[in-house]
Amino acid sequence: MTVRVLYRQDHDTWVASSPEIARWTVVADTYAEAHQLAEEGVRFALERDDLTVEHYVPAGIAVAA
């Protein structure tokens, strides 16, 4: 199963959500933290480890991993 995680940057936080997981959101101070929380959170929310997580950041946003 492939799960898409969509990121956006709000003022001083990063927000991640997924169209495949209803009402699921991650909020973190940095992209790196949001990315890590999303990787763990997707697996926890779906109770599966056999997932491919694809991360999408809008074009034009610099990401410091």
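Residues numbered from 1 in each chain as written. Predicted model: local features only at pLDDT ≥ 70, side-chain atom pairs only at ≥ 80, totals over all residues. Heavy atoms only, no water.

Enquirer: Got a minute to help me understand the packing of aromatic side chains in this structure?
Expert: How two aromatic rings sit relative to each other is set out by the distance from centre to centre and by the angle between their planes. With the rule as written, the count across this model stands at 2 aromatic pairs. Seen in terms of ring centroids, Trp14 and Tyr31 are 5.3 Å apart; in terms of plane orientation they differ by 70 degrees. Their pairing is edge-to-face. Of this pair, Trp14 sits in strand S2 (residues 13–17) while Tyr31 sits in helix H1 (residues 31–46), and the two are 17 residues apart along the sequence. In this structure, Trp14 and Tyr31 share a single accessibility class: buried. Taken together, the ring pairs connect Tyr7, Trp14 and Tyr31 into an aromatic cluster. (Phe/Tyr/Trp six-rings, centres within 6.5 Å; stacked < 30°, edge-to-face > 60°. Helix = DSSP H or I, 4+ residues; strand = E, 2+ residues; numbered from the N terminus. Buried < 20%, exposed > 50% of the residue type's maximum accessible area, 1.4 Å probe, protein only.)

Enquirer: What should I look at first to understand the nonpolar core in this one?
Expert: The tendency in soluble globular proteins is for nonpolar side chains to be buried side by side. With 15 residues, the main nonpolar core has Val5, Tyr7, Trp24, Ala34 and Val42 as its most contacted residues. When residues of this core are traced back to their parent elements, those giving at least two are strand S1 (2–10), S2, strand S3 (25–28) and H1. No other element matches the 4 residues that H1 contributes to this core. Discounting chain neighbours no more than four positions away, the residues touching Tyr7 are Trp14, Val15, Ala16, Tyr31, Ala34, His35, Ala38, His55, Tyr56, Val57 and Pro58. (Core = buried A, V, L, I, M, F, W, Y, C linked by side-chain atoms within 4.5 Å. Contact = heavy atoms within 4.5 Å.)

Enquirer: Whenever I open this one, unusual backbone geometry confuses me. Can you help?
Expert: Trans is the prevailing form of peptide bonds, just as negative phi is the prevailing case for residues other than glycine. In this structure, His11 takes a positive phi of about 30 degrees despite not being glycine. As for its placement among the helices and strands, His11 is situated in the loop between S1 and S2. Its identity as a non-glycine residue notwithstanding, Glu47 has a phi of 55 degrees, on the positive side. If you trace the backbone, Glu47 turns up in the loop between H1 and strand S4 (52–56).

Enquirer: Honestly, the pattern of salt bridges in this entry has me stumped. Any pointers?
Expert: Opposite charge on two side chains allows them to pair when their charged atoms are near. Tallied over the full model, the rule gives 4 salt bridges. Here Arg4 and Glu20 are joined by a salt bridge, their closest N and O atoms 2.5 Å apart. A residue pair is termed long-range when its members are at least 10 positions apart, and Arg4 in strand S1 and Glu20 in the loop between S2 and S3 qualify at 16 residues. According to the relative accessible area criterion, Glu20 is partly exposed, its value standing at 28%. For Asp10, the salt bridge identified is with Arg8, shortest N-O distance 3.3 Å. On the basis of relative accessible area, Arg8 is assigned to the partly exposed category, the value being 43%. (Salt bridge = Lys/Arg side-chain N within 4 Å of Asp/Glu carboxyl O.)

Take it as geometry only, folks, not as evidence of what the structure does.
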